[in-house]
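Each chain, letter by letter, is given below.
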Amino acid sequence: MSPTLHAISSGDSGPRVAFCHGLFGQGRNWNQIAKGLADICRPTLLDMPDHGRSPWTERFDYVAAGDIVADNLRAIDPDEPWIVVGHSMGGKIAMLLTLRHPDLVSKLCVVDIPPAPTTSVSEFETFIAGMQAMDLEAIESRVDADAALAEAAPDPSVRGFLLQNLRREGSSWRWQPNLEVIARDIATIGGWPEDDVAGLPPFDGPVLWLSGERSPYVTEDNSAQMRRLFPRVRSVTVKDAGHWVHSEQPEVTIAALRALIGG
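Rules used throughout
- Residues numbered from 1 in each chain as written.
- Predicted model: local features only at pLDDT ≥ 70, side-chain atom pairs only at ≥ 80, totals over all residues.
- Heavy atoms only, no water.
- Patch = residues over 30% accessible without salt bridge, like charges linked within 9 Å, V, L, I, M, F, W, Y side chains within 5 Å.
- Areas by Shrake-Rupley, 256 points an atom, 1.4 Å probe, with all protein chains shown as cover.
- Salt bridge = Lys/Arg side-chain N within 4 Å of Asp/Glu carboxyl O.
- Lys, Arg positive; Asp, Glu negative; His and termini not counted.
- Charge placed at Lys NZ, Arg CZ, Asp CG, Glu CD.
- Helix = DSSP H or I, 4+ residues; strand = E, 2+ residues; numbered from the N terminus.
- Buried < 20%, exposed > 50% of the residue type's maximum accessible area, 1.4 Å probe, protein only.
- Contact = heavy atoms within 4.5 Å.
- Axes fitted to C-alpha atoms, helices over the stretch in contact; angles between N-to-C directions.
- Parallel < 35°, antiparallel > 145°, perpendicular 65-115°, else oblique.
- Nonpolar A, V, L, I, M, F, W, Y, C, P; charged D, E, K, R; others polar.
- Expected span 1.5 Å × (residues − 1).
- Polar contact = N/O pair within 3.5 Å; in protein donor to acceptor, adjacent residues only side chain to side chain.
- Pairing = 2+ DSSP bridges.
- Right-handed = clockwise from strand over helix to strand, strands pointing away.

**Q** Explain a positive patch on the surface to me, and be specific about the residues and the numbers.
**A** Together, Arg28, Arg53, Arg142 and Arg168 give the surface a local cluster of positive charge. Among the structural elements, Arg28 can be located in the loop between β2 (16–20) and α1 (31–35). We classify Arg28 as partly exposed; its relative accessible area is 45%.

Below, the structure written as structure tokens:
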């Protein structure tokens with residue numbers, strides 16, 4: 001029995017669309033995009049396992065995460081196929097879900113991540129260490145939290161993104177993500193379960209592959225693997241965007257997804 005993920009659904013008609021966020025994200029990171037699509041579909045914003053308000057697991061595993069999301073989508077609507085959108089870690093989860101449960105997915109959008117091991121996770125290791133080192137009992141306000149994380153995450157926008165995961169409960173604070181598991185399994189999160197994918201047939205549905213012009217993640221080297229697993233892939237590079245394509249260029253993202261949903 002899969003754990004029940006935290007999910008928020010909206011919209012009254014049209015196809016079901018599930019959004020899978022990246023590492024240290026939450027479903028609500030896709031709010032702006034979902035609002036821009038709600039007139040043509042029914043968006044569902046999911047907190048991935050070990051993130052947001054979803055349950056924690058004992059270890060991070062892409063195959064297991066994909067199966068958990070698949071079970072949750074079937075529980076929300078067992079009768080209709082889903083369009084699945086995933087960014088970064090959530091993009092890898094979305095790809096595994098699609099390859100292992102093709103009956104559940106009609107279309108796929110992968111945002112700025114390939115089906116391959118990605119670049120060094122050392123930056124994330126620094127963030128995690130900084131988050132774990134914070135004395136939460138000494139934090140009285142979000143200003144205190146911001147100052148405490150400044151050395152590990154000097155970029156204010158990155159720090160603000162990470163601090164969205166700090167939740168106040170009464171007079172105390174706690175981190176929503178499962179930092180212990182994420183820290184231990186960060187190499188797995190940066191990897192790709194090639195052995196588990198090797199025997200699976202390609203997905204024959206439409207796939208949109210959005211990447212940021214300034215992002216290092218999508219390269220010609222991993223494009224061949226993407227085409228092998230998803231032969232109907234259409235690759236779109238978004239100008240003036242880095243890794244967080246949907247937050248840096250929301251209007252372009254909405255337009256691309258509207259074309260995919262309506263196509």
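**Q** Describe the environment of Leu200, listing the residues and the values that go with them.
**A** Among the structural elements, Leu200 can be located in the loop between α9 (194–197) and β8 (207–212). Separated by 100 residues in the primary sequence, Leu200 and Arg100 place their C-alpha atoms 7.2 Å from one another. Leu200 has contacts with Leu99 and Arg100, leaving out every residue within four places of it along the chain.

**Q** Requested: an account of the pattern of salt bridges, with residues and values cited.
**A** When the charged atoms of two side chains with opposite charge come close together, those side chains can pair. Within this structure, the stated rule accounts for twelve salt bridges. Arg42 is the salt-bridge partner of Glu80, the closest N and O atoms lying 2.8 Å from each other. Of this pair, Glu80 sits in the loop between α2 (62–76) and β4 (82–87) while Arg42 sits in strand β3 (residues 42–46), and the two are 38 residues apart along the sequence. The exposure class assigned to Arg42 is buried, which follows from its relative accessible area of 14%. Residue Arg174 is joined to Glu169 by a salt bridge in which the shortest nitrogen-to-oxygen separation is 2.8 Å.

**Q** Describe the packing of α2 against helix α3 (residues 89–100), and please don't skip the residues or the numbers.
**A** Orientation of α2 relative to α3, taken along the N-to-C sense of each, is 70°, at an axis distance of 8 Å. One way to sum up the angle between α2 and α3 is to call them roughly perpendicular. When α2 is examined against α3, the residues Tyr62, Val63, Ala65, Gly66, Asp67, Val69, Ala70 and Leu73 are found in contact with a partner set consisting of Met89, Lys92, Ile93, Leu96, Leu97 and Arg100. Along the lines of polarity and charge, the residues of the contact of α2 with α3 split into ten nonpolar, one polar and three charged.

**Q** An account of α2 is requested, with residue identities and associated values reported.
**A** For α2, spanning 15 residues, the distance from its first C-alpha to its last is 21 Å, which sits close to the expected 21 Å at 1.5 Å a residue. Those residues of α2 not exposed but buried are Tyr62, Val63, Ala65, Gly66, Asp67, Ile68, Val69, Ala70, Asn72 and Leu73. Contacts from the buried residues of α2 go to β2, β3, β4, α3, α8 (186–190) and α9. Looking at where α2 begins, the residue whose side-chain oxygen comes 3.0 Å from the main-chain nitrogen of Val63 is Asp61.

**Q** Hey, could you go over the pairing of strand β5 (residues 105–111) for me, with residue numbers and the actual values?
**A** Where burial is concerned, most of β5 is hidden: six out of the seven residues are buried. By the bridge criterion, six bridges tie β4 to β5 in an arrangement that is parallel. Bridging across to β5, Trp82 finds its partner in Val105. Taking the sense of rotation as the criterion, the β-α-β connection linking β4, α3 and β5 turns out right-handed.

**Q** Describe in detail the pairing of strand β9 (residues 233–238), supporting the description with residues and values.
**A** As paired strands, β8 and β9 are joined by six bridges and run parallel to one another. Directly across from Trp209, in β9, lies its bridge partner Ser235. Viewed along the sheet, the connection from β8 through helix α10 (residues 220–229) into β9 turns out right-handed.

**Q** Quick rundown of the side chain of Asn222? Include the residues and the values.
**A** Inspection of the secondary structure puts Asn222 in helix α10. Residue Asn222 is classed as buried on the basis of its relative accessible area of 9%. When neighbours within four sequence positions are excluded, Asn222 is seen to be in contact with Pro114, Ala116, Trp209 and Tyr217.

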